[in-house]
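Each chain is listed here by its residues.
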Amino acid sequence: MPTATALVMGNIIGGGIFLLPASVAPYGTVSLLAFAVLTVGAVALALVFGRLARRDPRTGGPYVYAREAFGDFAGFLSAWSYWTMSWVSNAALAVAVVGYVHVLFPGHGNGATDLTVALLALWLPTLANLAGTRWVGAVQLVSAVLKFLPLLFIAVAGLFFFDAGNLGSFTEGGGSPLGGLSAAAAILLYSYVGVESAAMSAGEVRDPERNVGRATVLGTIGAAVVYLLGTLAVFGTVAHQDLVTSDAPFSDAVDAMFGGAWGGTLIAVAAVISILGALNGWTLMSAQAPYAAARDGLFPAVFAVRRRGVPTAGVLIGTVLASLLTVINHLGSSDRVFEVLVLITTFSATVPYLLACGAQLYFLVSGRSDRVRGGRFALDVLLAVTGFGFSFWLVAGAGYAAVYQGVLFLFAGVLLHAWLAARKRRRAGDAAIT
């Protein structure tokens, strides 16, 4: 369970936390309330995944639930969306590493060096994955500890340096509290993508019926505590007018608390570790959904190849695609392509969530007594509805461009599904004749 919990926390918290306080500062301290509201939705979603994993503890998580409830096509859409989101997100994380490496080694950046750093950030976690799930878990546990220690240190130390005069107003710019809450939430919504990580790898977790749910909830709550306390510490130690324009809010907080300029180096190290840990976990996630779908004939068979508990072909294919996207972005002539694909991931992440919550509601209201504990019926329905609402809010927060591009890319996968479904039916017919 500790390793599965670290996987959830590590996948939720990537490099974005180091910029979040500055991103939401323009909306005022109402953004802290937005964090609290979103945490309720994220925990509800985590509990839904725990319930579903107890019922069906197979690798694949959201894909497995969607397919069992709604059939092959829904399962394929879930796997396709999740796979798309994961490897494109990995490319974005690899690019983000470069900026923090520049802080550690100023004056050494150039085109070739930046590309090399980004590709190393992709392939080092891939090597850990290819070594087996034990290595993935070990790397995830160590990176989680190493990246959370500096963040927790800032959060705790910030209490002793906290100055309410730095907070600014509840809502900045004279806007309404509801408007500020919604605007801040739109930025924070995707901070919790990754709550499904333990369920996605349920087949590799010991005693999954028990540990997947616990790890999911504990990991989500742990990430929420780091998010909220860290943001609160930065709000209370950095003057609001400086925080709004800050490029490194946590570094500014350390400098404000202790003086000097070593805060930037400390945070840059933590950020690199954080992103590499996230890449380690998301590299595994990028292979799990297509692996589960490939076992059922809904993805190309090569994705079902697994060694030492890891879908090796899926890991390699995902990393190659992320590497190609990183190279395209580096060449500079296709920035728009990279931007569009990153927008697609923000929508793609929500499709498996919506289908999983829908599947839980289906199992609950369909009267299948073997799937539902009667005493928990009302609570489970409430959690599923809350999780669905949270996921729906994610879609709304993605923006029109992300939803438009995401839907186009989502249904582009229908061509692959049509080919695989036809081949599967043909094989079934041949077997029946034989």
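You'll find the structure just up there.
This one's a predicted model, so the numbers in the text were calculated from it and none came from an experiment. Throughout this document, residue positions are counted from 1 along each chain, in the order its sequence is written. Given that the model is predicted, a residue must reach a pLDDT of at least 70 before its local features are reported, and side-chain atom pairs must reach 80 or more before they are shown or counted; all residues, however, enter totals for whole chains, interfaces and linings. Each side-chain value is derived from all of the structure's non-hydrogen atoms; neither hydrogens nor water enter the calculation.

Enquirer: Explain the environment of Ala261 here, please?
Expert: Secondary structure elements are defined from DSSP: runs of H or I of at least 4 residues count as helices, runs of E of at least 2 residues count as strands, and each element is numbered from the N terminus. Here Ala261 is to be found in the loop between α12 (249-258) and α13 (263-295). Residue class for Ala261 comes out exposed when judged on its relative accessible area of 66%. Separated by ten residues in sequence, Ala261 and Ser251 have C-alpha atoms that sit 8.2 Å apart. Exposure classes here rest on a 1.4 Å probe applied to the protein chains alone. A residue is buried below 20% of its type maximum, exposed above 50%, and partly exposed in between.

Enquirer: What is the right way to look at the environment of Tyr63 in this model?
Expert: Within the fold, Tyr63 resides in helix α4 (residues 62-70). Considered as a pair, Tyr63 and Met200 are 137 residues apart in the sequence and their alpha carbons are 8.4 Å apart. Those residues in contact with Tyr63, other than ones at most four positions away along the chain, are Gly75, Phe76, Ser78, Ala79, Ala292, Ala293, Asp296 and Leu298. By definition in these notes, contact holds between two residues if any of their heavy atoms fall within 4.5 Å.

Enquirer: Before we go on, may I ask you to explain the pattern of salt bridges in this structure?
Expert: Oppositely charged side chains may form a pair once their charged atoms are brought near each other. Whenever a carboxyl oxygen of Asp or Glu lies within 4 Å of a side-chain nitrogen of Lys or Arg, that contact is scored as a salt bridge. Under the definition given, this model contains five salt bridges. A salt bridge links Asp56 to Arg58; its shortest N-O distance comes to 2.9 Å. Asp56 sits in the buried class, given a relative accessible area of 8%. In this structure Arg58 comes out as partly exposed when scored by relative accessible area, which is 36%. Of the charged contacts, one joins Arg67 and Asp296 as a salt bridge, the two residues approaching to 3.4 Å between their closest N and O atoms. Here the residue Arg67 occupies a position in helix α4, and Asp296 occupies one in the loop between α13 and α14 (312-331), the gap between them amounting to 229 residues. Judged by its relative accessible area of 24%, Arg67 falls in the partly exposed class. It is possible to trace a salt-bridge network through shared partners that takes in Arg67, Asp72 and Asp296.

Enquirer: Would you mind going over unusual backbone geometry with me for this structure?
Expert: Glycine aside, the phi torsion of most residues is negative, and most peptide linkages are trans. A positive phi angle, close to 50°, is found at Asp207, a residue other than glycine. What makes Asp207 partly exposed here is its relative accessible area of 38%.

Enquirer: How should I be thinking about the layout of surface pockets in this particular structure?
Expert: Roughly 470 Å³ of internal volume is contained in the second largest pocket. Only protein atoms enter the 1 Å grid used here, on which a cavity is any set of points holding a 1.4 Å probe that cannot leave and a pocket is any open set flanked by protein within 12 Å on both sides along at least five of seven lines; residues with an atom within 4 Å of a point are listed as lining. Around the second largest pocket, the lining is made up of 18 residues, and of these Thr3, Ala4, Thr133, Glu204 and Val205 lie nearest the centre. Those elements that place two or more of their residues in the lining of the second largest pocket are α1 (2-12) and α7 (133-160). Here the lining of the second largest pocket gets seven residues from one element, more than from any other, and that element is α7. Across the lining of the second largest pocket, the residue classes break down as nine nonpolar, six polar and three charged. Grid points are joined across faces, edges and corners, and a volume is the space filled by probe spheres set on the points. Nonpolar residues are Ala, Val, Leu, Ile, Met, Phe, Trp, Tyr, Cys and Pro. Charged residues are Asp, Glu, Lys and Arg, and all others, Gly as well, are polar.

Enquirer: Would you explain the side chain of Glu196 in this entry?
Expert: Within the secondary structure, Glu196 sits in the loop between α8 (177-188) and α9 (197-200). Relative accessible area serves as the criterion here: at 0%, Glu196 is assigned to the buried category. Reaching out from Glu196, the side chain makes a polar contact with the side chain of Tyr82 at a distance of 2.4 Å. If we skip the residues at most four places from it in the chain, Glu196 touches Phe49, Pro62, Tyr82, Trp282 and Tyr353. Whenever two N or O atoms come within 3.5 Å, that pair is a polar contact, provided that in protein one can donate a hydrogen and the other can accept it, and provided that, for residues adjacent in sequence, both atoms are side-chain atoms.

Enquirer: For this particular structure, what's the right way to read α8?
Expert: Residues spaced three or four apart along an α-helix face the same direction, because each turn holds 3.6 residues. With twelve residues, α8 should reach 16 Å at 1.5 Å per residue; the first-to-last C-alpha distance of 16 Å fits that figure. When we look at burial in α8, the residues that qualify are Gly180, Leu181, Ala184, Ala185 and Leu188. Within α8, the buried residues cover an arc of 130° as seen down the axis, which keeps them to one side. The inward-facing, buried residues of α8 contact α2 (20-24), α3 (30-55) and α17 (377-398). Multiplying one less than the number of residues by 1.5 Å gives the expected span of a helix. An arc is given here, and it is the one of the directions from the helix axis to the C-beta atoms.

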